[in-house]
Amino acid sequence: MHAESLPELDALAVRLARNSGTEGVIGQIRFYEEDVPDLLVSRAGELVKMALAPTGEVSG
């Protein structure tokens, strides 16, 4: 997806997290300039983006 479409993608991810019966990782997103994706995590129906450090350690 192009960066111009990210607001729509963010809104969709928020709606999906609200309706997800799953706690934990529900997806990932990566900008083309980055090597490591951010995780999309559902916590009590709220969307949380977690950046991963290149070493695999969670930084956010």
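Numbers given for residues are sequential positions, taken from 1 along each chain in its written order. At least 70 in pLDDT is required for a residue's local features to be given in this predicted model, at least 80 for side-chain atom pairs to be given and counted, and no such filter applies to totals for whole chains, interfaces and linings, which use all residues. Side-chain metrics in this entry use all non-hydrogen atoms of the structure; hydrogen atoms and water are not considered.

Q: How would you summarise the environment of M50 if you had to cite specific residues and measurements?
A: Helical segments are the DSSP runs of H or I of at least four residues, strand segments are the runs of E of at least two, and each set is numbered from the N terminus. Along the chain, M50 falls in strand β3 (residues 46-51). Here M50 falls in the buried class, since its relative accessible area comes to 12%. Between the C-alpha atoms of M50 and L39, which are 11 residues apart in sequence, the distance is 5.1 Å. Relative accessibility decides the category of a residue: with a 1.4 Å probe and only protein chains considered, values under 20% of the type maximum give buried, values over 50% give exposed, and everything between is partly exposed.

Q: Describe the sheet that holds strand β1 (residues 24-29), listing the residues and the values that go with them.
A: The three strands lie next to each other as β1-β2-β3, forming an open sheet whose pairing is antiparallel. Of all the strands in the sheet, the pair left with one neighbour each is β1 and β3. Strand after strand, the sheet turns through a mean of 30° between neighbouring axes, direction not considered. Two strands are said to pair when DSSP picks up at least two bridges between them. Bridging between β1 and strand β2 (residues 38-43) involves five bridges; their strand directions are antiparallel. Opposite G27, over in β2, you have L40 as the bridge partner. Residue contacts are defined here by distance: any two heavy atoms, one from each residue, within 4.5 Å place the two residues in contact. With axes taken as lines fitted to C-alpha atoms, and helix axes fitted only over the stretch in contact, angles between N-to-C directions fall between 0 and 180 degrees. In this fold helix α1 (residues 6-19) packs onto β1, β2 and β3, with an angle of close to 120° to the strand it touches most, β3.

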